[in-house]
Amino acid sequence: MNTVAVVGTQWGDEGKGKIVDMLAADADVVVRFQGGNNAAHTLVVDGRRYVLRLVPAGALHPGKACVVGNGTVVNPIALLGEIDDLKKNGFLKEPELFRLSYDAHMVMPYHIAIDRAREARAGKRAIGTTGFGIGPAYEDKMARVGLRFEELLDQTAFIERLRRNISEKNAYLKSVLKAKPVKADEIVEAMKKARRRLLPYLCDSGAYLSDTIAAGKRVLFEGAHGTMLDIDHGTYPYVTSSNCIASAAYDGVGIGPSNQLAVLGISKGYTTRVGAGPFPSEFTGQLADSLREEGGEFGSATGRPRRIGWFDAVQARYAARVNGLWGIALTKLDVLTGLDPIKICVGYVVKGKRYDQMPASHRMLLSAKPIYEEMPGWRESPANARTLDELPAAMRNYVDRVGEIVGVPIAMIGVGAGRDATIVLRNPFTA
Ligand code: GDP
Ligand code: IMO
Ligand code: MG
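Since this is a predicted model, take the numbers as computed values, not measurements.

### Observations regarding helix α2 (residues 76–88)
- For α2, which comprises 13 residues, the first-to-last C-alpha distance of 18 Å matches the rise-based estimate of 18 Å (1.5 Å per residue) to within 8%.
- Looking only at α2, the buried set comprises P76, L79, L80, E82, I83 and L86. One side of α2 holds all its buried residues, which, seen down the axis, span an arc of 160 degrees.
- Of the surrounding elements, those touching the buried residues of α2 are β4 (48–52), β6 (73–74), β7 (98–101), β8 (105–106) and α6 (184–198).
- Residue N75 occupies the N-cap position of α2, its side-chain oxygen lying 3.0 Å from the main-chain nitrogen of I77.

Right under this line is the structure:
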């Protein structure tokens with residue numbers, strides 16, 4: 001298939017960035033279609049670690065076009081900082097290869113201030129957001145008061161609208177949230193400077209991608225966050241503010257669903273979550289602490305320790321359904337080395353009743369007790385394995401069992417953080 005989407009099947013941080021970076025070698029264009037810099041996608045190339053938040057993870061391959069679609073919310077200052085860092089490291093050398101949709105919405109300092117003030121006031125009810133203003137920016141989009149990048153075309157009208165928004169948001173910040181207002185003049189000055197640098201990148205992402213696909217080129221859609229963080233299909237209200245599932249790729253760039261996607265779901269061999277909300281297969285204690293250390297499970301965006309749990313097959317089957325998964329990349333299996341037994345959550349008990357499929361109300365997950373199946377672990381490191389035959393037998397059994405129980409073929413197996421540390425069984429571009 002020439003059009004491939006990579007999506008998270010859990011609560012984010014599944015290792016999407018690494019897989020996108022690897023698949024980008026086979027793609028012509030890599031596109032972000034939702035979310036903002038609440039995403040943090042880590043790539044390890046030649047032993048160096050790069051964290052991309054807004055720029056698609058195709059940027060580390062020279063000559064690949066990178067597009068940020070209309071479905072995203074973009075902090076312009078953060079984007080320019082990320083572009084500068086990439087350029088300093090010798091990437092994004094050809095400016096015409098980076099494009100940003102006219103219709104993407106801007107994340108402004110007042111969105112960040114509102115996000116943080118609300119979280120601080122919520123106390124125990126806090127969602128545990130990244131604090132990057134994502135929810136308030138999407139709220140403004142839906143309320144039809146957001147600022148889109150197209151507004152930069154007319155500086156005077158843009159500044160007028162920006163000042164109006166700032167004064168409304170400051171009133172809300174002061175009187176409702178009892179928080180410090182943002183500084184209008186500083187924001188206006190920063191945006192005037194940013195405007196000149198942003199204008200050359202602006203494009204019609206739908207027209208560009210339609211033409212690209214019609215020309216027979218390969219497009220890779222890079223999802224952010226994960227299925228269980230999807231605003232409609234995740235564990236609401238403990239979710240992010242965008243649709244993160246595969247179908248969001250269409251409206252998030254402006255192409256139609258007749259362009260069929262091969263959807264590759266990324267899933268860790270265990271589960272993590274940052275922030276609050278239900279997590280049925282979570283465990284704590286020494287085992288969780290050592291797995292967190294071993295897997296480096298600390299948020300790339302915020303440094304927060306990630307919560308740890310076993311692989312949840314109920315949740316994976318649900319992700320397979322809502323995304324229409326073509327295959328799964330099972331990542332970070334090396335991190336499970338030395339654990340024995342390894343558990344797979346195969347069902348839940350909620351108020352005495354067994355569920356083998358996701359309960360219709362995600363609120364039921366708050367009291368769901370996991371039912372586990374146990375698999376023997378392995379002691380030999382799989383880090384150098386590049387074929388199935390080179391994997392420890394118990395690890396192969398675990399991978400086979402996950403594929404069987406989820407009902408989706410395992411297309412890739414992650415055995416390390418480096419670009420090459422993936423066993424590819426099926427490549428969605430060529431299979
Ligand atoms: P993303 O947000 O889905 O792109 O994932 P993150 O980058 O937030 O978190 C995944 C982390 O795991 C990153 O530090 C990756 O470098 C790392 N990683 C990805 N795949 C593997 C793997 O197969 N094994 C190991 N050990 N680390 C991996
Ligand atoms: P990537 O793309 C992990 C979580 C936050 C919080 C909730 C809402 O790196 O996988 P938000 O700031 O979006 O309003 O926070 O969503 N969250 C993520 N968790 N990885 C991510 O992105 C996330 N993006 C948002 O921790 O619980
Ligand atoms: Mg991440």
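Additional details are given in the paragraphs that follow.
### Side note on the coordination of the magnesium ion (ligand 3)
- Bound to the magnesium ion (ligand 3) are the protein donor atoms D13 (OD) and A40 (O), situated 2.1 to 2.2 Å from the metal. Linking D13 in the loop between β1 (3–8) and α1 (16–24) with A40 in the loop between β2 (29–32) and β3 (41–45), this pair joins segments that are 27 residues apart in sequence.
- The exposure class assigned to D13 is partly exposed, which follows from its relative accessible area of 22%.

### A few points about the packing of helix α3 (residues 109–122) against helix α4 (residues 134–142)
- At a minimum axis separation of 7 Å, α3 and α4 run at an interaxial angle of 120 degrees. Taken as axis vectors, α3 and α4 run oblique relative to one another. Viewed along their axes, α3 and α4 form a crossing whose handedness is right-handed. Seen from α3, the contacting residues are Y110, H111, I114, D115 and R118; seen from α4, they are I134, P136, A137, E139 and D140.
- Residues belonging to the contact of α3 with α4 are distributed by class as follows: 5 nonpolar, 1 polar and 4 charged.

### What about the domain arrangement of the protein chain?
- What the domain assignment lists for the protein chain is domain 1 (3–101 + 202–262), domain 2 (105–198) and domain 3 (267–424).
- Here the C-alpha centre of domain 2 lies 23 Å away from the C-alpha centre of domain 1.
- Facing the 25 residues of domain 1 at the interface are 20 residues of domain 2.
- When domain 1 packs against domain 2, the two sides together hide about 1900 Å² of surface, and 65% of this comes from carbon and sulfur.

### Remarks on the site of ligand 1
- Within the structure, ligand 1 sits among 20 residues, and K16, G17, T42, K332 and D334 are positioned closest to it.
- Within the backbone of G17, one N or O atom sits 2.8 Å away from an oxygen atom of ligand 1.
- R306 is positioned with one of its side-chain polar atoms (N or O) 3.3 Å from an oxygen atom of ligand 1.
- Bound to the protein, ligand 1 loses 92% of the 590 Å² it would expose on its own.
- Considering only residue class, the shell around ligand 1 consists of 5 nonpolar, 8 polar and 7 charged.
- Viewed by domain, the shell around ligand 1 spans two of them, domain 1 (3–101 + 202–262) and domain 3 (267–424), each represented by three or more residues.

### Description of the side chain of N165
- Topologically, N165 is positioned in helix α5 (residues 155–175).
- At a separation of 3.3 Å, a polar atom in the side chain of N165 contacts the side chain of Y110.
- If we ignore the near neighbours within four places in the chain, the residues touching N165 are Y110, V145 and L147.

### A short note on the site of ligand 2
- Within the structure, ligand 2 sits among 20 residues, and D13, K16, T130, H225 and T240 are positioned closest to it.
- Between H41 and ligand 2, the recorded distance is 2.8 Å, taken from a side-chain N or O atom to an oxygen atom.
- In this structure, V274 approaches ligand 2 through a main-chain N or O atom, which is 3.1 Å from an oxygen atom.
- Coverage of ligand 2 by the protein chains reaches 97% of its 550 Å² of free accessible surface.
- Considered class by class, the residues forming the shell around ligand 2 number 8 nonpolar, 9 polar and 3 charged.

### Overview of the packing of aromatic side chains
- Counting across every chain of the model gives 6 aromatic pairs.
- Geometrically, the ring pair formed by W378 and Y398 is tilted, given 6.1 Å between the ring centres and 50 degrees between the ring planes. A residue pair is termed long-range when its members are at least 10 positions apart, and W378 in the loop between β17 (369–375) and α11 (393–406) and Y398 in helix α11 qualify at 20 residues. Y398 shares its class with W378; the two are buried.
- Geometry around Y208 places R99 over its ring, the cationic atom sitting 4.0 Å from the centre.

Analysis parameters
Residues numbered from 1 in each chain as written. Chains lettered and ligands numbered in written order. Predicted model: local features only at pLDDT ≥ 70, side-chain atom pairs only at ≥ 80, totals over all residues. Heavy atoms only, no water. Helix = DSSP H or I, 4+ residues; strand = E, 2+ residues; numbered from the N terminus. Expected span 1.5 Å × (residues − 1). Buried < 20%, exposed > 50% of the residue type's maximum accessible area, 1.4 Å probe, protein only. Arc of directions from axis to C-beta. Contact = heavy atoms within 4.5 Å. Polar contact = N/O pair within 3.5 Å; in protein donor to acceptor, adjacent residues only side chain to side chain. Donors = N, O, S within 2.8 Å, 3.2 Å for Na, K, Ca; no water. Axes fitted to C-alpha atoms, helices over the stretch in contact; angles between N-to-C directions. Parallel < 35°, antiparallel > 145°, perpendicular 65-115°, else oblique. Left-handed = near helix turned anticlockwise from the far one by under 90°. Nonpolar A, V, L, I, M, F, W, Y, C, P; charged D, E, K, R; others polar. Domains from an automatic or database assignment. Buried area = accessible area lost by both parts, 1.4 Å probe. Near = heavy atom within 4 Å. Areas by Shrake-Rupley, 256 points an atom, 1.4 Å probe, with all protein chains shown as cover. Phe/Tyr/Trp six-rings, centres within 6.5 Å; stacked < 30°, edge-to-face > 60°. Lys NZ or Arg CZ within 6 Å of the ring centre and 35° of its normal.

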